[in-house]
Amino acid sequence: MLEDHAKVIAVLKEAGEVIGRKKLQKVIYICKKLQFPFNEKYQFHFYGPYSEELTLRVEELCNLGLVTEVKESKGGYYQYKYSVTDEGSEFLSHYEFDMPELNECITEINGQSSRFLELVSTILFFDRLTKEEIIEKVRTIKSKQNYSDTEIDQAFTFMEKLGC
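Residues numbered from 1 in each chain as written. Predicted model: local features only at pLDDT ≥ 70, side-chain atom pairs only at ≥ 80, totals over all residues. Heavy atoms only, no water.

Q: Help me understand the pairing of strand β5 (residues 78-84), please; the structure alone is not making it clear to me.
A: Within β5, five of the seven residues are buried, which leaves it mostly tucked inside the rest of the structure. Judged from the two bridges that link them, strand β1 (residues 18-19) and β5 form a sheet pairing that is antiparallel. Note on β5: the bridge partner recorded for isoleucine 19 is lysine 81. Looking at chain direction, strand β4 (residues 67-73) and β5 are connected through seven bridges and run antiparallel. In the sheet register, valine 67 faces β5, and the bridge partner there is valine 84. Hairpin connection between β4 and β5: a loop of four residues separates the two successive antiparallel strands, and glycine 75 in this loop has a positive phi of roughly 85°. (Buried < 20%, exposed > 50% of the residue type's maximum accessible area, 1.4 Å probe, protein only. Helix = DSSP H or I, 4+ residues; strand = E, 2+ residues; numbered from the N terminus. Pairing = 2+ DSSP bridges.)

Structural data, given as structure tokens:
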């Protein structure tokens, strides 16, 4: 059970900092789709794949003092920043993960915008469909996001680069 907590800490530690709750959800989801051993269950939600389990796990990590959540006011909304505490690093030292490829992926994924990761994770959520069906699905369920053809092409290219 605590191993799943340690995996989330490992991602945050590698990322240095993840800005945004939505972004953290997408980072873990994309890693899971890349066959890294994350056990959170996801369902489709307003902003793409969402895991209530992950939300609760991050809340527990914050309550235990292993991860910090900094809430910043950004005008009309709040933004959350997540990073690992010294106690979190100490906790992580009790676990061994042999996932060197994860480190490269985290840097690539965390370097993208939340909007872009929402698109990528949505595409991955429907990966059993053909490319044409996926694009049609994205245009339908993400119509408010108004993703351009270029953004969709970039998402597919990004997924190929990651090995999806």
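The rest of the description comes next.
Q: Can you help me understand the packing of helix α7 (residues 131-141) against helix α8 (residues 149-162) in this one?
A: The axes of two packed helices give the description: the angle between them and the distance between them. The interhelical angle for the contact between α7 and α8, taken along N-to-C directions, is 130°, at an axis separation of 12 Å. By the criterion of interaxial angle, the relationship of α7 to α8 is oblique. The chirality of how α7 crosses α8 is right-handed. Counting all contacts with α7, which are made through Lys131, Ile134, Ile135, Val138 and Arg139, the residues of α8 involved are Asp149, Ile152 and Phe156. (Axes fitted to C-alpha atoms, helices over the stretch in contact; angles between N-to-C directions. Parallel < 35°, antiparallel > 145°, perpendicular 65-115°, else oblique. Left-handed = near helix turned anticlockwise from the far one by under 90°. Contact = heavy atoms within 4.5 Å.)

Q: Mind showing me how you'd approach the pattern of salt bridges here?
A: Pairing of side chains with opposite charge becomes possible as their charged atoms draw close. Per the counting criterion, the structure on display carries 13 salt bridges. A salt bridge links lysine 7 to aspartate 4; its shortest N-O distance comes to 3.8 Å. Placement of the pair is lysine 7 and aspartate 4 together in helix α1 (residues 2-15), with a separation of three residues, close to one helical turn. Given a relative accessible area of 14%, aspartate 4 falls into the buried group. For lysine 161, the salt bridge identified is with glutamate 108, shortest N-O distance 3.1 Å. One end of the pair, lysine 161, is in helix α8; the other, glutamate 108, is in helix α5 (residues 100-110), with 53 residues separating them in the sequence. Overlapping salt bridges, with partners in common, bring together Glu3, Asp4, Lys7, Glu40 and Arg57 in one network. (Salt bridge = Lys/Arg side-chain N within 4 Å of Asp/Glu carboxyl O.)

Q: So what exactly am I meant to see when it comes to the packing of helix α6 (residues 114-125) against α8 here?
A: Where α6 contacts α8, the axes come no closer than 10 Å and their chain directions differ by 70°. On the basis of the axis angle, α6 is roughly perpendicular to α8. Crossing of α6 against α8: the hand is right-handed. Between α6 and α8, the contacting residues are Arg115, Phe116, Leu117, Leu119, Val120, Ile123 and Leu124 on the first element and Glu151, Ile152, Gln154, Ala155, Phe156, Phe158 and Met159 on the second. Tallied by class, residues from the contact of α6 with α8 come to eleven nonpolar, one polar and two charged. (Nonpolar A, V, L, I, M, F, W, Y, C, P; charged D, E, K, R; others polar.)

Q: For this particular structure, what's the right way to read the packing of aromatic side chains?
A: Where two aromatic rings form a pair, the distance of their centres and the angle of their planes describe that pair. Following the criterion strictly, the structure yields seven aromatic pairs and no others. Note on tyrosine 29 and tyrosine 42: the rings are 4.8 Å apart at their centroids and 65° apart in plane angle, and the pair reads as edge-to-face. Residue tyrosine 29 is found in helix α2 (residues 21-33), and its partner tyrosine 42 is found in the loop between α2 and β2 (43-45); the two are separated by 13 residues along the sequence. For tyrosine 29, a relative accessible area of 4% puts it in the buried group. Between phenylalanine 44 and phenylalanine 126 the ring centres are 5.4 Å apart and the planes differ by 50°, which places this aromatic pair in the tilted class. Of this pair, phenylalanine 44 sits in strand β2 while phenylalanine 126 sits in the loop between α6 and α7, placing them 82 residues apart in sequence. Overall, the relative accessible area of 15% leaves phenylalanine 126 in the buried class. Taken together, the aromatic side chains of Tyr29, Tyr42, Phe44, Phe125 and Phe126 make up a single cluster linked through ring pairs. Sitting over the ring of tyrosine 80, arginine 21 keeps its end group 3.6 Å from the ring centre. For lysine 131, the ring lying beneath its charged end belongs to phenylalanine 156, and the centroid distance is 4.7 Å. (Phe/Tyr/Trp six-rings, centres within 6.5 Å; stacked < 30°, edge-to-face > 60°. Lys NZ or Arg CZ within 6 Å of the ring centre and 35° of its normal.)

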